[in-house]
Amino acid sequence: MPAVSAAACCAAATPANEVVEDLFGFLRVLSDGTILRSPAEPVFCPTTFPDSHPSVEWKGTIYDKAKNLRVRMYKPSPAPEAKKTTKLPVLVHFHGGGFCLGSCTWGNVHAFCLRLAADANAVVLSAGYRLAPEHRLPAAFDDGVSFMRWLTDSATAADDDWLAEAADLGRVFVTGDSAGGTIAHHLAMRAGLAPLETEKKDPVTVRGYVLMMPFFGGVRRTSSEAECPAEAFPNLDLVDRFWRLSLPVGATRDHPAANPFGPESPDLAAAELRPVLVVAGGLDLIRDRTVDYAERLAAMGKPVELAEFAGKAHGFYLHEPWSEATGELIQTVARFIDGCVAAPSEAAA
């Protein structure tokens with residue numbers, strides 16, 4: 001689809017070329033297929049969050065130059081006596097945004113990753129990916145695979161002392177928020193259905209997956225979807241728009257990209273899944289799908305843990321990254337990491 005700059009928005013959106021999809025004015029799609037994006041962060045992404053943390057170092061880089069995909073890397077600053085002696089688990093994190101919005105550079109994502117690195121005592125790699133509708137699914141899933149390859153290449157090259165001195169690539173966990181949680185699911189599924197022998201030569205070992213309120217869909221409405229009030233964020237109208245813009249043209253919400261148990265989705269019972277932590281919110285309209293996902297995995301005998309935060313809405317940890325509830329979430333993630341790998345791996349030696 002053709003795209004133009006945000007400066008051309010007013011001129012481009014004429015009666016003869018009307019807006020057919022509008023996401024907060026941040027992303028607009030015109031009837032001729034033109035896509036207009038605002039360069040600013042949307043109003044629901046506050047700019048008041050601190051951009052630094054006293055005990056966390058961070059830096060950004062481009063991991064895919066051809067696609068201009070960025071990653072922000074965070075690591076706790078070690079105490080003087082611990083320098084270069086203890087390596088930390090790695091959390092690969094994918095942001096949310098319905099596959100249409102979001103960035104690892106947004107203030108709320110950045111603030112959450114700062115606290116995640118500090119409180120979980122882990123290296124956090126917050127990776128970007130291509131967005132829809134310019135790049136419809138499975139582009140985001142493919143970019144997730146590409147990032148994991150980049151991480152493997154970085155480990156093999158050993159040319160990034162900043163990362164190498166802190167990261168135990170034998171203890172990697174793939175995490176994601178909302179759409180990012182869906183990316184984590186698809187990475188877990190692809191790995192679980194692939195020959196396990198390929199991992200033996202890989203310096204990066206994924207120990208588990210953390211799906212924070214994963215963005216799943218389906219044609220049949222669940223109770224939490226049908227009963228979601230219109231004033232909620234996100235509401236049913238918004239998530240339907242996200243799916244219309246991100247799924248392959250003509251696909252329904254039962255497409256495998258959206259519905260892990262759709263009629264054409266891979267059989268998860270056949271997958272050798274690593275441990276999975278699934279996070280649900282009691283007030284999230286996707287709550288029923290999230291809980292159903294965890295319960296079905298458990299019924300298949302998969303190593304899955306469900307953590308539900310009663311009274312919390314979708315993505316509460318981004319809206320209130322310094323809250324007590326967000327701290328509880330991060331501690332739940334930290335306990336999951338410790339449970340998966342009780343001691344540092346041989347890769348840290």
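Because the structure is a prediction, the values reported are computed rather than measured.

Colleague: Before we go on, may I ask you to explain the state of the cysteines in this structure?
Modeller: One covalent bond between the sulfur atoms of two cysteine residues makes up a disulfide. Counting across every chain of the model gives zero disulfides. Summary of cysteine pairing: C104 is not part of a disulfide, and the nearest cysteine sulfur, belonging to C113, is at 8.3 Å.

Colleague: Any chance you could explain the pairing of strand β6 (residues 69–76) here in plain terms?
Modeller: On a regular strand, each side chain points to the face opposite its neighbour's, so the side chains alternate between the two faces of the sheet. Summarising burial for β6: seven of the eight residues are buried, a large majority. Here strand β5 (residues 56–64) pairs with β6 via eight bridges, running antiparallel. Its bridge partner being in β6, E57 is matched across the sheet by K75. Hairpin remark: β5 followed by β6, antiparallel, with four residues in the connecting loop; positive phi at N68, about 55 degrees. Alignment of β6 against strand β8 (residues 123–127), held across four bridges, turns out to be antiparallel.

Colleague: Just to check I follow, could you spell out the confidence of the model for the protein for this structure?
Modeller: Overall, the predicted model of the protein reaches an average pLDDT of 88, with 85% of residues at or above 70. Scored below 50 in pLDDT, residues 343–349 makes 11 contacts in the model with residues more than four places away or belonging to other chains.

Colleague: Could you clarify how one ought to interpret helix α8 (residues 287–299) in this entry?
Modeller: Every α-helix carries 3.6 residues per turn, so stepping three or four residues along brings you back to the same face. Compared with an ideal rise of 1.5 Å per residue, which puts 13 residues at 18 Å, α8 spans 18 Å between its outermost C-alpha atoms and is within 8% of the ideal. Regarding α8, the residues found buried are D288, R289, T290, V291, Y293, A294 and L297. Its buried side turned inward, α8 meets α5 (179–193), β10 (206–212), α6 (223–226), β11 (276–281) and β12 (304–309). Residue G301 follows α8 closely and has a positive phi angle near 85 degrees.

Colleague: Got a minute to help me understand the pattern of salt bridges in this structure?
Modeller: Two side chains that carry opposite charge are able to pair once their charged atoms sit near each other. Tallied over the full model, the rule gives 16 salt bridges. R115 is the salt-bridge partner of D119, the closest N and O atoms lying 2.8 Å from each other. Here R115 and D119 lie together in helix α2 (residues 107–120), a separation of four residues that amounts to about one turn. Classification of D119 as partly exposed rests on a relative accessible area of 30%. Here D237 makes a salt bridge to R241, at a shortest N to O gap of 3.1 Å. Here D237 pairs with R241, and both are found in helix α7 (residues 236–246), just four residues apart, close to one helical turn. In the salt-bridge network here, residues are joined through shared partners; they are K67, R130 and D143.

The rules behind these values
- Residues numbered from 1 in each chain as written.
- Predicted model: local features only at pLDDT ≥ 70, side-chain atom pairs only at ≥ 80, totals over all residues.
- Heavy atoms only, no water.
- Disulfide = S-S within 2.5 Å.
- Buried < 20%, exposed > 50% of the residue type's maximum accessible area, 1.4 Å probe, protein only.
- Helix = DSSP H or I, 4+ residues; strand = E, 2+ residues; numbered from the N terminus.
- Pairing = 2+ DSSP bridges.
- pLDDT = per-residue confidence, 0-100.
- Contact = heavy atoms within 4.5 Å.
- Expected span 1.5 Å × (residues − 1).
- Salt bridge = Lys/Arg side-chain N within 4 Å of Asp/Glu carboxyl O.

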